[in-house]
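# Commentary on secondary and tertiary structure
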Amino acid sequence: MKKFDIIISGGGMIGSIAAVAATRAGLSVLLIEANENQQFDKDSERELRVSAISWDNCEYLKLLGIFSNLITSRTVSYTHLRAHETGRNL
């Protein structure tokens, strides 16, 4: 049986970043993701989900070599952020 230093459940944005960071730190990593890998199409329809990434986190992503992978056409700077209740029971 292969042993890992760290096992990460979930290959979304946070899980993937954690896996890169742990690998760069010299740890052996197993990343478990239930969904199949989907190819990103920059011309696909926009979704309502957004991610707000702070400047400090942008700097961290640069240190990890991830920041340059963000799709320029889908990123924008912002000065204000407002959240609205959708009325759905989650």
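Structure: above.
We now turn to the structure provided with this report. (Residues numbered from 1 in each chain as written. Predicted model: local features only at pLDDT ≥ 70, side-chain atom pairs only at ≥ 80, totals over all residues. Heavy atoms only, no water.)

## Brief notes about the overall build of the protein
In terms of regular secondary structure, the protein is built from two helices and two strands. When the helices and strands of the protein are read in sequence order from the N terminus, they spell out β-α-β-α. The C-alpha radius of gyration computed for the protein amounts to 16 Å, which surpasses the reference 12 Å derived for 90 residues by more than 25%, pointing to a less compact arrangement than a globule. Seen along its three principal axes, the alpha-carbon backbone of the protein occupies a region of about 45 × 35 × 25 Å. Among the 90 residues that make up the protein, the fraction classed as buried is 11%. For the protein, the computed accessible surface area is about 8,500 Å², with 53% contributed by carbon and sulfur atoms. On the protein, the mean spot of the 10 positive side-chain charges and the mean spot of the 10 negative ones are 3 Å from each other. (Helix = DSSP H or I, 4+ residues; strand = E, 2+ residues; numbered from the N terminus. Rg over C-alpha atoms; globule rule 2.2 N^0.38 Å. Buried < 20%, exposed > 50% of the residue type's maximum accessible area, 1.4 Å probe, protein only. Areas by Shrake-Rupley, 256 points an atom, 1.4 Å probe, with all protein chains shown as cover. Lys, Arg positive; Asp, Glu negative; His and termini not counted. Charge placed at Lys NZ, Arg CZ, Asp CG, Glu CD.)

## Re the pattern of salt bridges
Considering all chains together, one arrives at one salt bridge under this definition. With a closest N to O distance of 3.3 Å, Glu-59 and Lys-62 form a salt bridge. Placement of the pair is Glu-59 and Lys-62 together in helix 2 (residues 55–64), with a separation of three residues, close to one helical turn. Its relative accessible area of 41% is what places Glu-59 among the partly exposed residues. (Salt bridge = Lys/Arg side-chain N within 4 Å of Asp/Glu carboxyl O.)

## Quick look at the packing of aromatic side chains
The final tally for this structure, using the stated rule, is zero aromatic pairs. Between the NZ or CZ atom of Lys-62 and the centre of the ring of Phe-67, over which it lies, the distance is 5.0 Å. (Phe/Tyr/Trp six-rings, centres within 6.5 Å; stacked < 30°, edge-to-face > 60°. Lys NZ or Arg CZ within 6 Å of the ring centre and 35° of its normal.)

## A closer look at the pairing of strand 1 (residues 6–9)
The pairing of strand 1 with strand 2 (residues 29–32) spans four bridges and is parallel. When the sheet's bridge partners are listed, Ile-8 is paired in strand 2 with Leu-31. In the classification by handedness, the crossover that spans strand 1, the intervening helix 1 (residues 13–24) and the parallel strand 2 is right-handed. (Pairing = 2+ DSSP bridges. Right-handed = clockwise from strand over helix to strand, strands pointing away.)

What is shown is where atoms sit, not what they do.
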